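Structural features, examined
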Amino acid sequence: LREELEAILAASGSRTLGDMTLEEIHDLLGQISVARQKAAFVERSRKMSFMLPGLGQFANKDPVSGSLFLTADLLVKAGTLVGAYFLLPEELQFGQLNYFTAPYSTIQNRWESQSFVDLLPAMGVLAGGWLLEGGLRIFASKHAEKLARSNVEDGTVTFEPELFLLPA
């Protein structure tokens, strides 16, 4: 955005607002608003894919990449939960403890009877899954940002000048 704004202002020369006609000021504001919209579109695409990998790709009309990122995210989450569950001590798993019918005190006693070391493997899988998901979010967001920037540059996504520069 900064580079585009500098190019717009450089094109206007060293003229002051008082030297410009209303039409020239209107055109200048329109160019600035389009530059702002472009930057906001790219940033929004990046943030969307960071929040939910694949969402920014869908917003940029790339359903294949969007589906792949979304599927990868779901697989990481499911794998993390399944892996952590099966690494829990056996007395905490559903085969030994019915969480729906057992009294709360029974559930609490079973969990409190575990040592930190007993829970460490499951916690390790949860931490690993969390890190893997974070890496996937970063990768997906950078991909969405690159895709959005490409769509803006090649004219796939276009913007109309707005009179008001303040965000809505």
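Another point: the pattern of salt bridges. Within the structure shown, the criterion is met by seven salt bridges. A salt bridge links glutamate 43 to arginine 46, with the shortest nitrogen-to-oxygen separation between them at 2.4 Å. In this pair, glutamate 43 and arginine 46 are both assigned in helix α2 (residues 22-51), three residues apart and thus about one turn of the helix distant. With its nearest N and O atoms 3.4 Å apart, the salt bridge here joins lysine 77 to glutamate 133. Of this pair, lysine 77 sits in helix α4 (residues 63-86) while glutamate 133 sits in helix α6 (residues 116-153), and the two are 56 residues apart along the sequence. The partly exposed category is assigned to lysine 77, whose relative accessible area is 32%. Salt bridges here are not isolated pairs; linked through shared partners, they connect Asp73, Lys77, Glu133 and Arg137.

This part covers the packing of α2 against α6. Between α2 and α6, the least distance of the axes is 7 Å, while the angle of their chain directions is 155°. When the interaxial angle is binned, α2 and α6 end up roughly antiparallel. The chirality of how α2 crosses α6 is right-handed. Contacts between α2 and α6 involve Lys38, Phe41, Val42, Ser45, Arg46, Ser49, Phe50 and Met51 from the first element and Arg137, Ile138, Ala140, Ser141, Ala144, Glu145, Ala148, Arg149 and Val152 from the second. Within the contact of α2 with α6, the residues separate by chemical class into nine nonpolar, three polar and five charged.

We now examine the nonpolar core. Most often, soluble globular proteins keep nonpolar side chains buried together rather than apart. Formed by Val34, Phe41, Val42, Ala148, Val152, Val157 and Phe159, the largest nonpolar core amounts to seven residues. At the level of secondary structure, the elements contributing two or more residues to this core comprise α2 and α6. Here this core takes three residues from α2, the largest share from any one element.

Going through the model one piece at a time under the given rule, you end up with five aromatic pairs. On the basis of an interplanar angle of 65° and a centroid distance of 5.8 Å, the ring pair of phenylalanine 41 and phenylalanine 159 is categorised as edge-to-face. In this pair, phenylalanine 41 is assigned in helix α2 and phenylalanine 159 in the segment after α6, connecting sequence segments 118 residues apart. By relative accessible area, which is 11% here, phenylalanine 41 ends up buried. Between the aromatic rings of tyrosine 85 and phenylalanine 86, the centroid separation amounts to 5.0 Å while the plane-to-plane angle is 75°, which identifies the pairing as edge-to-face. An aromatic cluster is present here, built from Tyr85, Phe86, Phe94 and Tyr99 joined pairwise through their rings.

For the protein chain, the average pLDDT comes to 90, and 92% of its residues sit at 70 or higher. Looking at the elements of the protein chain, mean pLDDT is at its lowest for helix α1 (residues 2-11), recorded as 72, and at its highest for α4, recorded as 98.

This part takes up α6. Its 38 residues give α6 an end-to-end C-alpha distance of 54 Å, which sits within 8% of 56 Å, the value for a rise of 1.5 Å per residue. Positive backbone phi, at 85°, marks glycine 155, one or two positions downstream of α6.

Conventions and cut-offs
- Residues numbered from 1 in each chain as written.
- Predicted model: local features only at pLDDT ≥ 70, side-chain atom pairs only at ≥ 80, totals over all residues.
- Heavy atoms only, no water.
- Salt bridge = Lys/Arg side-chain N within 4 Å of Asp/Glu carboxyl O.
- Helix = DSSP H or I, 4+ residues; strand = E, 2+ residues; numbered from the N terminus.
- Buried < 20%, exposed > 50% of the residue type's maximum accessible area, 1.4 Å probe, protein only.
- Axes fitted to C-alpha atoms, helices over the stretch in contact; angles between N-to-C directions.
- Parallel < 35°, antiparallel > 145°, perpendicular 65-115°, else oblique.
- Left-handed = near helix turned anticlockwise from the far one by under 90°.
- Contact = heavy atoms within 4.5 Å.
- Nonpolar A, V, L, I, M, F, W, Y, C, P; charged D, E, K, R; others polar.
- Core = buried A, V, L, I, M, F, W, Y, C linked by side-chain atoms within 4.5 Å.
- Phe/Tyr/Trp six-rings, centres within 6.5 Å; stacked < 30°, edge-to-face > 60°.
- pLDDT = per-residue confidence, 0-100.
- Expected span 1.5 Å × (residues − 1).

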